[in-house]
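# Fold and contact review
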Amino acid sequence: MTDARDERRPAGELEAAVMAALWAAGAPLTPGRVQIELGSGLARTTVATILTRLHEKGVVDRERQGRGYAYFPVQDAPGLTARRMHSELDRDTDRETVLARFVAQLSPGDEQHLRRLLEGEER
């Protein structure tokens with residue numbers, strides 16, 4: 001049964017909390033263990049649903065553990081952010097304008113860092 005509080009929180013917020021728990025654990029976690037790590041009163045079924053959705057999105061993978069699964073992230077937090085940036089870019093047909101506006105809105109420090117990355121000076 002899903003707690004009424006679960007339904008009031010945005011899905012993205014719940015997914016972010018689950019991902020944070022998985023990253024912090026450093027090892028695969030079952031839905032029940034994620035629920036304990038979150039300590040937020042989420043129902044185990046809600047946590048299981050979130051993990052299933054993250055698995056369908058390719059953000060987490062899972063391995064069989066007993067009758068269920070234990071989940072683990074396939075990327076670190078910066079990798080996931082980069083993936084989201086690519087997804088947003090792919091949604092627009094005018095990539096050049098999107099990239100130009102993105103770069104125009106960078107802070108001077110971020111712009112310098114991006115230039116160094118593009119020039120192959122950093123990784």
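Heads up: these notes are all about the structure in this document. (Residues numbered from 1 in each chain as written. Predicted model: local features only at pLDDT ≥ 70, side-chain atom pairs only at ≥ 80, totals over all residues. Heavy atoms only, no water.)

This brings us to the overall build of the chain. Helix and strand counts for the chain stand at seven helices and two strands. When the helices and strands of the chain are read in sequence order from the N terminus, they spell out α-α-α-α-β-β-α-α-α. Long-range pairs, those at least 24 residues apart, make up 47% of the contacts in the chain between residues at least 6 apart in sequence. As displayed, the chain offers around 8600 Å² of accessible surface, 51% of which is attributable to carbon and sulfur atoms. (Helix = DSSP H or I, 4+ residues; strand = E, 2+ residues; numbered from the N terminus. Contact = heavy atoms within 4.5 Å. Areas by Shrake-Rupley, 256 points an atom, 1.4 Å probe, with all protein chains shown as cover.)

At a minimum axis separation of 9 Å, helix H3 (residues 31-38) and helix H4 (residues 44-56) run at an interaxial angle of 110°. One finds that H3 runs roughly perpendicular with respect to H4. Every pair of crossing elements has a handedness; the one defined by H3 and H4 is right-handed. Between H3 and H4, the contacting residues are Pro31, Gly32, Val34, Gln35 and Leu38 on the first element and Arg44, Val47, Ala48 and Leu51 on the second. The residue inventory of the contact of H3 with H4, partitioned by class, reads six nonpolar, two polar and one charged. (Axes fitted to C-alpha atoms, helices over the stretch in contact; angles between N-to-C directions. Parallel < 35°, antiparallel > 145°, perpendicular 65-115°, else oblique. Left-handed = near helix turned anticlockwise from the far one by under 90°. Nonpolar A, V, L, I, M, F, W, Y, C, P; charged D, E, K, R; others polar.)

Along the chain, glutamate 15 falls in helix H2 (residues 11-25). Given the relative accessible area of 12%, glutamate 15 is considered buried. Here glutamate 15 is in contact with Ile50, Arg53, Leu54 and Lys57, once residues within four sequence places are set aside. (Buried < 20%, exposed > 50% of the residue type's maximum accessible area, 1.4 Å probe, protein only.)

Quick look at the pattern of salt bridges now. Under the defined criterion, the tally for this structure stands at five salt bridges. In this structure, the salt-bridge partner of arginine 95 is aspartate 90, at a minimum N-O distance of 2.7 Å. A salt bridge links arginine 115 to glutamate 111, with the nearest nitrogen and oxygen atoms 2.8 Å apart. Note that arginine 115 and glutamate 111 are positioned in helix H7 (residues 108-118) at a spacing of four residues, about one turn of the helix. The exposure class of arginine 115 is partly exposed, given its relative accessible area of 48%. By relative accessible area, glutamate 111 is classed as partly exposed at 27%. (Salt bridge = Lys/Arg side-chain N within 4 Å of Asp/Glu carboxyl O.)

Quick look at the packing of aromatic side chains now. Counted by the stated rule, this structure contains one aromatic pair. Of note, arginine 62 hangs over the ring of tyrosine 69, and the distance from its end group to the ring centre comes to 4.0 Å. If you follow arginine 64 out to its NZ or CZ, it ends over the ring of tyrosine 69, 4.4 Å from the centre. (Phe/Tyr/Trp six-rings, centres within 6.5 Å; stacked < 30°, edge-to-face > 60°. Lys NZ or Arg CZ within 6 Å of the ring centre and 35° of its normal.)

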